[in-house]
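If you want the building blocks of each chain, they are given just below.
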Amino acid sequence: MAKENHVILIGELQGPPIINESSDKAKYVIRTLRRNDKIDYPIISVFGERLVEKVKGFKEKDFIIVKGFLATQEVNKGVVCPHCQEIIREEGTTTEIAVIENINIGPHHKLEDLKEISNTIMVLGSLCRDVEFRMLSNTGISSAQYQLAVNRKFNPRRGHELTDYPWVNSFGRQAEEDAKRLETGSQVFVQGGVQTRNVHKTMTCDKCDKTFKAEDFVAEIVPYSVEYLNNCKFDE
């Protein structure tokens, strides 16, 4: 089966990397700029002694080139109830960029000069659920959300193939076309950027039965283009 899950980022390091030398892992966040001038803060995950050794030399405000792939993982997330301090557990998904290579090109670059290449992703995948289409209440712009099953070529932690399940969020005319053409099982090739944002949701504490607002970090793909391949609804 064809595979494509390819990410290139160039961005400014935000704070010092978090390094776990005992397990040869590291994480850091960079500030990137998409073609539409939107700023994003993708989380970068690094595995392996050679790559982690490079990360040790990274300093805040350095510009880092990242080659990798978008990786999703099902996790058990914990949220603290602000009323009784109970930890509420729920199933969730983390979406990060797993590194194949990362190169420090030093500080003093202008992100605006790099926006055509600062945040790019290409994935080939099949829809694992139908498109969720809606009109955004605050802008009136159409939005289409759908989840893809994407086979990765490379796994730095286990050395065998895995499937990732990123979300795609398209807008405007692209969203209208996606809603018209796609259904569960449709295969698409998406070129776009990695969008990051914080979302707020209402939760109810199991211990004190009070509700509260919780914040979660989301990373998703916003397409520059979508190519409809197989099992799509084409015009006759």
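Calculation notes
- Residues numbered from 1 in each chain as written.
- Predicted model: local features only at pLDDT ≥ 70, side-chain atom pairs only at ≥ 80, totals over all residues.
- Heavy atoms only, no water.
- Helix = DSSP H or I, 4+ residues; strand = E, 2+ residues; numbered from the N terminus.
- Rg over C-alpha atoms; globule rule 2.2 N^0.38 Å.
- Buried < 20%, exposed > 50% of the residue type's maximum accessible area, 1.4 Å probe, protein only.
- Contact = heavy atoms within 4.5 Å.
- Lys, Arg positive; Asp, Glu negative; His and termini not counted.
- Charge placed at Lys NZ, Arg CZ, Asp CG, Glu CD.
- Pairing = 2+ DSSP bridges.
- Phe/Tyr/Trp six-rings, centres within 6.5 Å; stacked < 30°, edge-to-face > 60°.
- Lys NZ or Arg CZ within 6 Å of the ring centre and 35° of its normal.
- Salt bridge = Lys/Arg side-chain N within 4 Å of Asp/Glu carboxyl O.

Moving on, we come to the overall build of the protein chain. A tally of regular secondary structure across the protein chain gives 2 helices and 14 strands. Over its C-alpha atoms the protein chain spans a radius of gyration of 19 Å, differing by no more than 12% from the 18 Å that the globule rule assigns to 236 residues. If one aligns the C-alpha atoms of the protein chain with their principal axes, the spans along those axes are about 55 × 50 × 35 Å. Counting over 236 residues, the protein chain shows a buried share of 43%. A sequence separation of at least 24 residues applies to 69% of the contacts in the protein chain between residues at least 6 apart. Each charge class in the protein chain can be summarised by its mean position, and for the 32 positive and 35 negative side chains these summaries are 2 Å apart.

A few words on the pairing of strand β14 (residues 211-230). Here 18 bridges tie strand β13 (residues 187-204) to β14, and the two strands are oriented antiparallel to one another. When the bridges of β14 are listed, T204 appears paired with T211. Hairpin connection of β13 to β14: 6 residues between the antiparallel strands, including D209 at a positive phi of 65°.

Before going further, it helps to examine unusual backbone geometry. Within the chain, D24 stands out as a residue other than glycine whose phi angle is a positive 55°. Mapped onto the fold, D24 is located in the loop between β2 (18-20) and β3 (25-33). The backbone phi angle of K61 is positive, close to 80°, even though this residue is not glycine. Examined against the element boundaries, K61 turns out to sit in the loop between α1 (49-55) and β6 (63-80).

Okay, the environment of I221 next. Take I221: it is sitting in strand β14. The class for I221 is buried, based on a relative accessible area of 0%. Sequence separation between I221 and Q147 is 74 residues; the distance between their C-alpha atoms is 9.9 Å.

With that settled, consider the packing of aromatic side chains. Given two aromatic rings, their pairing is described by the distance between the two centres and the angle made by the two planes. Evaluated as defined, the whole model comprises 1 aromatic pair. Summarising the aromatic geometry, the rings of Y28 and F58 are spaced 5.6 Å apart at their centres and angled 80° between planes, so their arrangement reads as edge-to-face. Taken together, the residues Y28 in strand β3 and F58 in the loop between α1 and β6 connect sequence positions 30 residues apart. Take Y28 and F58: they sit in the same class, and that class is buried. Note that R35 overlies the ring of Y224, its terminal NZ or CZ placed 4.2 Å from the centroid.

Moving on: the side chain of E12. Mapped onto the elements of the fold, E12 is located in strand β1 (residues 4-13). Contact partners of E12, with chain neighbours within four places excluded, come to V29, I30, R31, K61, D62 and F63.

Bringing the pattern of salt bridges into the picture now. Within this structure, the stated rule accounts for 18 salt bridges. For K27, the salt bridge identified is with E96, shortest N-O distance 2.8 Å. Taken as a pair, K27 in strand β3 and E96 in strand β7 (residues 87-104) lie far apart in primary sequence, 69 residues in all. Residue class for E96 comes out buried when judged on its relative accessible area of 16%. Residue R152 is joined to D164 by a salt bridge in which the shortest nitrogen-to-oxygen separation is 2.6 Å.

Attention now goes to the environment of G192. Counting through the fold element by element, G192 comes out in strand β13. Judged by its relative accessible area of 2%, G192 falls in the buried class. For the pair formed by G192 and V168, sequence separation is 24 residues and the distance between their alpha carbons is 9.4 Å. If sequence neighbours within four positions are ignored, G192 has contacts with N119, T120, I121, V222, P223 and Y224.

Time to look at the side chain of D178. For D178, the position within the fold is in helix α2 (residues 172-181). Buried within the structure, D178 lacks any salt-bridge partner; R181 is the closest side chain of opposite charge, at an N-O distance of 8.1 Å. Apart from the residues within four sequence positions on either side, D178 is in contact with V131, A144, Y146, S170, V226 and Y228.

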